[in-house]
Amino acid sequence: QDKIFWLFVVLAFLYALCEGTLSNWAVLYLNQSQRLSESVSAQALSVFWMCLALGRLAVSALLVAVHAKWPYRILPALMVIAFWLLPHAQTPAKALAVFALAGVSCSALFPLTVGMASKRFPSSVAWVSSIIIAALMTGIGLGTFGVGLLQQIMPLSLIFRLSAVYPVLMLLLGWRTCDNNTQNAVIAGVK
């Protein structure tokens, strides 16, 4: 049981690395590396957050009819695609589309992680949620500041491509968290 808990913590941390990298470097990347205007860069970040919020609502509605394993397995794959497409976001339309995809891909992963972990450990919900939130904050901090350090030795486009490793790891580790007991607990909690 303890291994599964720490797996949820690692998944939250990996998710946060993705969110921190995408959200905190979007404007600078699009403006300086892709030579898009500050206005377009800011719009792309706004589209990221809007799609993240709308994606969370959509996945919440889907969980009534679909097992939690499906969004938990599909969204990291979409995140890999978003990271790989970012270096090609060289026009305003492409930048907005890629950051929309990035927002959707980030949308429900963290709430699903908290929900599945809480249902898996119902007697320790407060502690479990607190540790997972701490993993989120740590990952966002490292995802933000780590990119700042790395960009001194490599371009942001390469950093974004290499960041696709995080959702790949999420895909591999996420299969273990989505066993039948966890799926049924999450879906029962939604209904």
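Structural data are supplied above this passage.
Residues numbered from 1 in each chain as written. Predicted model: local features only at pLDDT ≥ 70, side-chain atom pairs only at ≥ 80, totals over all residues. Heavy atoms only, no water.

Colleague: How would you sum up the nonpolar core? Please name residues and give values.
Modeller: A general feature of soluble globular proteins is that nonpolar side chains tend to end up buried together. Counting residues in each nonpolar core, the largest one holds 58 residues, and the members touching the most others are Tyr15 and Ile132. Of all the secondary-structure elements, those providing two or more residues to this core are helix H1 (2–33), helix H2 (38–62), helix H3 (69–85), helix H4 (92–106), helix H5 (109–120), helix H6 (125–150) and helix H7 (156–162). When residues of this core are assigned to their parent elements, the largest contribution, 17 residues, is made by H1. Among all residues touching Ile132, those that are not within four sequence positions of it are Phe8, Val9, Ala12, Phe110, Thr113, Val114 and Ala117. (Core = buried A, V, L, I, M, F, W, Y, C linked by side-chain atoms within 4.5 Å. Buried < 20%, exposed > 50% of the residue type's maximum accessible area, 1.4 Å probe, protein only. Helix = DSSP H or I, 4+ residues; strand = E, 2+ residues; numbered from the N terminus. Contact = heavy atoms within 4.5 Å.)

Colleague: Before we move on, could you go through the packing of H3 against H5 and cite the residues and values that matter?
Modeller: Between H3 and H5, whose axes approach to 10 Å, the crossing angle comes to 150°. Taken together, H3 and H5 sit at an angle that is classed as roughly antiparallel. The handedness of the crossing between H3 and H5 comes out as left-handed. Two secondary-structure elements touch here, H3 through Pro71, Tyr72, Leu75, Pro76 and Met79 and H5 through Leu109, Leu112, Thr113 and Met116. Residues that form the contact of H3 with H5 fall into these classes: eight nonpolar, one polar and no charged. (Axes fitted to C-alpha atoms, helices over the stretch in contact; angles between N-to-C directions. Parallel < 35°, antiparallel > 145°, perpendicular 65-115°, else oblique. Left-handed = near helix turned anticlockwise from the far one by under 90°. Nonpolar A, V, L, I, M, F, W, Y, C, P; charged D, E, K, R; others polar.)

Colleague: Which residues make up H1, and what values go with them?
Modeller: A turn of α-helix holds 3.6 residues, and therefore any two residues three or four places apart point the same way. Along its 32 residues, H1 runs 43 Å from first to last C-alpha, staying within 8% of the 46 Å computed at 1.5 Å per residue. The largest bend in H1 is about 55°, located at Trp25. Directly beyond the C-terminal end of H1, a positive phi value near 60° is found at Arg35. (Expected span 1.5 Å × (residues − 1). Bend = angle between axes of the 7 residues up to and from the residue.)

Colleague: Hey, could you go over H3 for me, with residue numbers and the actual values?
Modeller: Here H3 contains 17 residues, and its C-alpha end-to-end distance of 25 Å stays within 8% of the 24 Å for a straight helix at 1.5 Å per residue. The complete set of buried residues in H3 reads Lys69, Pro71, Tyr72, Arg73, Leu75, Pro76, Met79, Val80, Ala82 and Phe83.

Honestly, that's just the spatial picture; any functional story needs more than this.
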